[in-house]
Amino acid sequence: MNQRDFKKLVKARQKHTDETLIVKGAEYARGNDRLHNFYRSAAMNEETAPQALWGMFSKHLVSLMDMVDDTAEDIYPSEAQITEKIGDSINYLHLLEALFVDVKDN
């Protein structure tokens, strides 16, 4: 992949993840708390909010690992699968960072 195409790919990914975080933020936030669902899940399962997020994120990681394993059999994910799984993974890392900052500051 040449430099121009790579830059285009990265910019498109950033745009998609930004849009998803905004849309999902409205869906998952409660009141003014963007991280509400992680705190609520943590309370239900007697764990920390970062641990709750990690459990949710691990489902996406397993899916990505399976997609990577499939390449050994020359099976590659569709564009839609790539968009969803890569985008969700990036967004979970943004949310994990937000939780680390939020928990530390409170």
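Residues numbered from 1 in each chain as written. Predicted model: local features only at pLDDT ≥ 70, side-chain atom pairs only at ≥ 80, totals over all residues. Heavy atoms only, no water.

Visitor: Quick rundown of the overall build of the chain? Include the residues and the values.
Guide: Looking only at helices and strands, the chain features 4 helices and 0 strands. Structurally, the chain occupies a C-alpha span of about 45 × 30 × 25 Å along its principal axes. Residues counted as buried form 25% of the 106 residues belonging to the chain. Summarising the internal contacts of the chain: among those between residues at least 6 apart in sequence, 59% fall at separations of at least 24. (Helix = DSSP H or I, 4+ residues; strand = E, 2+ residues; numbered from the N terminus. Buried < 20%, exposed > 50% of the residue type's maximum accessible area, 1.4 Å probe, protein only. Contact = heavy atoms within 4.5 Å.)

Visitor: Any chance you could break down the pattern of salt bridges for me, citing the residues and the numbers?
Guide: In this structure the tally under the stated criterion is 4 salt bridges. A salt bridge links Arg4 to Asp5; the nearest nitrogen and oxygen atoms lie 3.8 Å apart. Arg4 sits in the exposed class, given a relative accessible area of 62%. (Salt bridge = Lys/Arg side-chain N within 4 Å of Asp/Glu carboxyl O.)

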